[in-house]
Amino acid sequence: METVVSGIRSTGNLHLGNYFGALRNFIKMQHENNCYFFIADYHSLTTHPDPAHLHSNVRQVLSEYLAAGLDPEVSTIFVQSDVPEVTELYLLLNMHVYIGELERTSSFKEKVRKQPENVNAGLLTYPTLMAADILLHKANKVPVGKDQEQHLEMTRKFARRFNTMYNVEYFPEPSAYNFGSELIKIPGLDGSGKMGKSEGNGVYLFDEPTAIRKKVMKAVTDQGPTEPNSVKAEPVENLFTILKVVSSPDTVAFFEEKYNNCEIRYGDLKKQLAEDIVAVTAPIRERILEIQKDEEYLRKVVKMGAEKARESASKTVAEVREIMGFKKF
Ligand code: TYM
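What counts, and where the lines are drawn
- Residues numbered from 1 in each chain as written.
- Predicted model: local features only at pLDDT ≥ 70, side-chain atom pairs only at ≥ 80, totals over all residues.
- Heavy atoms only, no water.
- Near = heavy atom within 4 Å.
- Polar contact = N/O pair within 3.5 Å; in protein donor to acceptor, adjacent residues only side chain to side chain.
- Areas by Shrake-Rupley, 256 points an atom, 1.4 Å probe, with all protein chains shown as cover.
- Helix = DSSP H or I, 4+ residues; strand = E, 2+ residues; numbered from the N terminus.
- Phe/Tyr/Trp six-rings, centres within 6.5 Å; stacked < 30°, edge-to-face > 60°.
- Buried < 20%, exposed > 50% of the residue type's maximum accessible area, 1.4 Å probe, protein only.
- Lys NZ or Arg CZ within 6 Å of the ring centre and 35° of its normal.
- 1 Å grid on protein atoms, 1.4 Å probe; cavity = no way out; pocket = protein on both sides within 12 Å on 5 of 7 lines; lining within 4 Å.
- Points joined across faces, edges and corners; volume = space filled by probe spheres on them.
- Nonpolar A, V, L, I, M, F, W, Y, C, P; charged D, E, K, R; others polar.
- Expected span 1.5 Å × (residues − 1).
- Core = buried A, V, L, I, M, F, W, Y, C linked by side-chain atoms within 4.5 Å.
- Domains from an automatic or database assignment.
- Contact = heavy atoms within 4.5 Å.

Chemist: Can you help me understand the site of the ligand in this one?
Modeler: The immediate surroundings of the ligand are formed by 27 residues, with Arg-9, Tyr-126, Asp-133, Asp-147 and Ile-186 found nearest. Between Asp-147 and the ligand, the recorded distance is 2.5 Å, taken from a side-chain N or O atom to an oxygen atom. A distance of 3.2 Å separates a nitrogen atom of the ligand from a polar atom in the side chain of Gln-148. Notes on the ligand: free accessible area 710 Å², of which the protein chains cover 98%. Elements that contribute at least two residues to the shell around the ligand include exactly β1 (3-9), α1 (16-29), β2 (34-40) and α8 (126-135).

Chemist: Is there a simple way to think about the environment of Gly-100 in this case?
Modeler: Mapped onto the elements, Gly-100 comes out in helix α5 (residues 99-103). Separated by 148 residues in sequence, Gly-100 and Ser-248 have C-alpha atoms that sit 46 Å apart.

Chemist: Looking at this model, I keep getting lost on the packing of aromatic side chains. Mind explaining?
Modeler: To describe a pair of aromatic rings, one takes the distance between the centres and the angle between the planes. In the structure shown here, the tally under the stated rule is 11 aromatic pairs. Pairing Phe-162 with Tyr-166 gives two aromatic rings, centres 4.9 Å apart and planes at 50°, and the pair type is tilted. Pairing Tyr-170 with Phe-171 gives two aromatic rings, centres 4.9 Å apart and planes at 65°, and the pair type is edge-to-face. What makes Phe-171 buried here is its relative accessible area of 4%. Aromatic rings pair up to connect Phe-162, Tyr-166, Tyr-170 and Phe-171 into one cluster. The ring of Tyr-177 carries the charged tip of Lys-141 above its face, separated from the ring centre by 4.4 Å. The ring of Phe-326 is capped by Arg-321, whose NZ or CZ atom sits 5.2 Å from the centre of that ring.

Chemist: Help me understand the layout of surface pockets, please; the structure alone is not making it clear to me.
Modeler: Vacant regions in the atomic arrangement are exposed by a probe of water-molecule size rolled over the atoms. In this structure, the second largest pocket encloses a volume near 210 Å³. Lining the second largest pocket are 13 residues, and of these His-55, Val-58, Leu-62, Val-79 and Val-302 lie nearest its centre. Going through the elements one at a time, α3 (51-68) and α14 (295-324) are the ones with two or more residues in the lining of the second largest pocket. Looking at the lining of the second largest pocket element by element, the count peaks at five residues for α3. Per-class residue counts for the lining of the second largest pocket are six nonpolar, two polar and five charged.

Chemist: Could you clarify how one ought to interpret empty space enclosed by the protein in this entry?
Modeler: By the definition in use, this model includes two cavities of 30 Å³ or more. Approximately 40 Å³ is the volume attributed to the largest cavity. Taken together, Phe-38, Phe-78, Gln-80, Val-83, Val-86, Asp-133, Leu-136 and His-137 form the lining of the largest cavity. Of the residues assigned to the lining of the largest cavity, the class counts are five nonpolar, two polar and one charged. When its volume is computed, the second largest cavity comes out at roughly 30 Å³. Around the second largest cavity, the lining residues are Leu-93, His-96, Val-97, Phe-158, Arg-161 and Phe-162. For the lining of the second largest cavity, the element with the most residues is helix α9 (residues 149-165), which contributes three residues.

Chemist: Please explain unusual backbone geometry as it appears in this structure.
Modeler: Trans is the common state for peptide bonds, and a negative phi is the common state for residues other than glycine. Backbone geometry at Lys-138 places phi at a positive 50°, although glycine is not the residue there. Overall, the relative accessible area of 28% leaves Lys-138 in the partly exposed class. Positioned with a positive phi, Asn-167 is a non-glycine residue whose angle comes to about 55°. By relative accessible area, which is 72% here, Asn-167 ends up exposed.

Chemist: Is there a simple way to explain α3 in this structure?
Modeler: For the α-helix, the turn length of 3.6 residues means that residues three or four positions removed from each other point alike. Over its 18 residues, α3 runs 27 Å from end to end, which matches the ideal 26 Å to within 8%, given 1.5 Å per residue. Residues Val-58, Gln-60, Val-61, Leu-62, Ser-63, Glu-64, Tyr-65, Leu-66, Ala-67 and Ala-68 constitute the buried set of α3. Two or three places before Ala-52, at the start of α3, stands the capping residue Asp-50, its side-chain oxygen 2.9 Å from that residue's backbone nitrogen. Among the residues trailing α3, Gly-69 stands out with phi positive, at a value near 125°.

Chemist: It is not clear to me how the nonpolar core should be interpreted in this structure. Could you clarify?
Modeler: Generally speaking, soluble globular proteins have nonpolar side chains that are buried together. Leu-23, Tyr-65 and Ile-277 are the most contacted members of the largest nonpolar core, which has 56 residues in total. Sort the elements by how many residues they give to this core and helix α13 (residues 266-293) lands first, with nine residues. Looking at which domains feed residues into this core, each of domain 1 (3-184 + 295-324) and domain 2 (209-289) supplies at least three. Not counting the four nearest positions on each side in its chain, Ile-277 is found in contact with Leu-16, Val-203, Ile-212, Val-216, Ile-242 and Val-246. If you look at the next biggest cluster of nonpolar residues, it comprises 37 residues, including Val-5, Phe-38, Tyr-126 and Met-130.

Right, dumping it as structure tokens:
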């Protein structure tokens, strides 16, 4: 049995990238492993959310976790800020993390480009907090999408560095994980790049079917192939990438053949894609609506999760303190 840890930031509703990159893997892993899944509300602070929305965002992601199939009876589902032990580990790890390596992180460089007016220290040390989340429960596996690969590499480096520095075999070196294959990147519907919460190119689990159909029908494509077996342009390849995760292999093969014979009608492809996305999201949306109303259930889930997570977290922090030389008078 492996220990699995992962989380999603509470910066808005979950989209297909979050679902297929991470959440679906959490759900598949929960029965065979010792799993900790959390809502990363401390991480959401790097973009300065309005205090009036912080809690409702956490609540929404929690409802979406449960609606998608995370089972609080078998997994530890918790809110990051309910387990403040993580902040101590974050501080302790930061003493062995170097500014240069943090500045070289791709996600940091991207944020500096995108939000030059808000390059806060939390953004710089984001990978340390993420490492603390993972090492706090001594995880071996971390189900995440492709964009988190570098953060996992850094987590392994920090774990190794700690072990070497104190001459212990304490932290395992966790790996990024996707069920049965490579880590994945779900593209957006706007023709380039990944699906993201702030990119305006996403399909959300909570979207109504009519909204999904509208978004998909408007997705960027091209003029269509003019020669058999031609390479697909990025926007078209992107639609096929999404088709591969939501549709049956027969459907994918059907449209591949149409494309390769230059007979494809993008309208047909989009209609099928929209219906197959709706088939995944509509039942989840229904459950989100139900779960959101059940305040008592949500409260019970986070309470139970926080207790279980704090048990494991406080044990790790106590051991780390001891390794580092802290002693009680
Ligand atoms: P976040 O909130 O940006 O994304 C949550 C998860 O969704 C995955 N993801 C995608 N996967 C495939 N295609 C996409 N277009 C796509 N967009 C998002 C992400 O890879 C991620 O797995 N730093 C993390 C949250 C975090 C965390 C952790 C994760 C904090 N501490 C500890 C694991 C372990 C983040 O920003 O994810």
